[in-house]
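Reading the structure
Given next are the chains, with one letter for each unit.
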Amino acid sequence: SQISATMGMTSSDIANNVDGAGDTFEALRDKAKEMGAATNFSATEAAEGLNILAMSGYDATSSMEMIEDVLHLAAAGGMEMSQSADFIAGSMKGFNDETKDSAYYADLMAKGATLANTSVAELGEAMSGGAATAAAYGQEADSMTLALLRLAEQGVSGSAASTSLNAAMKDLYTPTDDAKKALSELGVAIYDENGKAREFNTVVNELNGALADMSDEEANAYKSTIFQIQGLQAFNKMTVTSTEKQEEWAAALAEASGEASRQYATMTDNLQGDIDIWNSALDGFKIAISDELTPTIREFVQFGSSSMGKLTEAFETGGISGAMGALGEILSDGLA
């Protein structure tokens, strides 16, 4: 019901299947129940994930296609379903890349967390927070992930990592006149001959290489000209990671397909996973019972609400005798 409300459906739309609202409602409900029956997450938890996706602007079809990847990432990172949905949706919306699906982003987060000093949740928070800026400067998701791993290795993760990365990208891709002149003197190109932004990690490495043979005083003067405080901190931390380590991480990220699913399988292949799946199945059983009884229970509750209104009205107009007369009618109707 919450998802339907988020998507702008009304009870009347659902009841009358206006523009397929009723079919959509049932499809969403069935998908949540399917996830509850087949995984270690309950149908309610799956519905929470679907609602986050709906809040992010995804339609019912897209949300249902994405929810299993959201579930895999949540299990891999030991996160709430809603948290996982928020990270995947935020990253996808930021990059606005229709050629990549939710599994791609889930796999990057899951794999990345195995490579550097960060968790799935921290990396997911950083990716979702930095996606829009990275996309604005022509960067790809795997490139941004690599940059975030370089920061994570130096203890900068989560929202702090995305804030630092955003600052460093801004300093390089929209440089001041003085910074532009300094970069030119160093022979570091931020854009190629066609005006396309070059890959961020490559630019950082070339800049670091150009400063390598200078005295500390000269190198720091160039850095302070090119970067603001946050961007400079990010640059200094990123350049600690060796080229060999970066290449190793880049290769691992390139082969990350299916990582979130594999981690889900590993995380649930134990007694706790069996217990979680049992509880999820039990939740599904309770929903099945509820589905059978709910129409009758709703009718009874609605009758009770209406009856209390009649009893109150009778008491206000006829006192005790009026209320007793109304109560007799109510009991008769109730027994019927």
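See the structure shown above.
First, a word on scope: everything that follows refers to the structure included in this document. (Residues numbered from 1 in each chain as written. Predicted model: local features only at pLDDT ≥ 70, side-chain atom pairs only at ≥ 80, totals over all residues. Heavy atoms only, no water.)

1. Comments concerning the pattern of salt bridges
Going through the model one piece at a time under the given rule, you end up with six salt bridges. Notably, a salt bridge pairs Asp 291 with Arg 29, separated by 2.6 Å at the nearest N-O pair. In this pair, Asp 291 sits in helix H17 (residues 271-335) while Arg 29 sits in helix H3 (residues 21-38), placing the two residues 262 residues apart along the sequence. Owing to a relative accessible area of 30%, Asp 291 belongs among the partly exposed residues under this scheme. Taking the relative accessible area as the measure of exposure, Arg 29 reaches 30% and is therefore partly exposed. As a salt-bridge pair, Glu 206 and Arg 198 come within 2.7 Å of each other at their nearest N and O atoms. (Salt bridge = Lys/Arg side-chain N within 4 Å of Asp/Glu carboxyl O. Helix = DSSP H or I, 4+ residues; strand = E, 2+ residues; numbered from the N terminus. Buried < 20%, exposed > 50% of the residue type's maximum accessible area, 1.4 Å probe, protein only.)

2. Digging into the environment of Thr 317
Checked against the element boundaries, Thr 317 lands in helix H17. A polar side-chain atom of Thr 317 sits 3.3 Å from the main-chain carbonyl oxygen of Ala 314. (Polar contact = N/O pair within 3.5 Å; in protein donor to acceptor, adjacent residues only side chain to side chain.)

3. A short note on the environment of Gly 94
Within the secondary structure, Gly 94 sits in helix H6 (residues 81-95). Once the C-alpha coordinates of Gly 94 and Phe 235 are considered, the two residues, 141 residues apart in sequence, prove to be 23 Å apart. Those residues in contact with Gly 94 that sit more than four places away from it in its chain are Ala 131, Ala 132 and Ala 135. (Contact = heavy atoms within 4.5 Å.)

4. A few points about the side chain of Asn 201
With respect to the secondary-structure elements, Asn 201 resides in helix H12 (residues 200-211). By relative accessible area, Asn 201 is classed as buried at 2%. The residues touching Asn 201, leaving out its near neighbours within four places in the chain, are Ser 143, Leu 146, Ala 147, Arg 150 and Met 238.

5. Some thoughts on the packing of helix H9 (residues 141-152) against helix H15 (residues 243-254)
Axis separation between H9 and H15 bottoms out at 10 Å; the angle between their running directions is 135 degrees. By the angle between their axes, H9 is oblique relative to H15. Crossing of H9 over H15 shows right-handed handedness. For the pair formed by H9 and H15, the contact residues are Asp 142, Thr 145, Leu 146, Leu 149 and Arg 150 on the first element and Gln 246, Trp 249, Ala 250 and Leu 253 on the second. For the contact of H9 with H15, the residue count by class is five nonpolar, two polar and two charged. (Axes fitted to C-alpha atoms, helices over the stretch in contact; angles between N-to-C directions. Parallel < 35°, antiparallel > 145°, perpendicular 65-115°, else oblique. Left-handed = near helix turned anticlockwise from the far one by under 90°. Nonpolar A, V, L, I, M, F, W, Y, C, P; charged D, E, K, R; others polar.)

6. Describing helix H11 (residues 177-186)
Every buried residue of H11 is accounted for by Ala 179, Ala 182, Leu 183 and Leu 186. All buried residues of H11 project into a common sector of 100 degrees when viewed along the axis, lining one side. Residues of H11 that are exposed and point more than 90 degrees away from the buried face comprise Asp 177, Lys 181, Ser 184 and Glu 185. Tucked inside the fold, the buried residues of H11 contact helix H10 (158-173), H12 and helix H13 (216-226). Positive phi shows up at Gly 187, right after H11, with a value of about 75 degrees. (Arc of directions from axis to C-beta.)

Geometric values such as these leave the question of function open.
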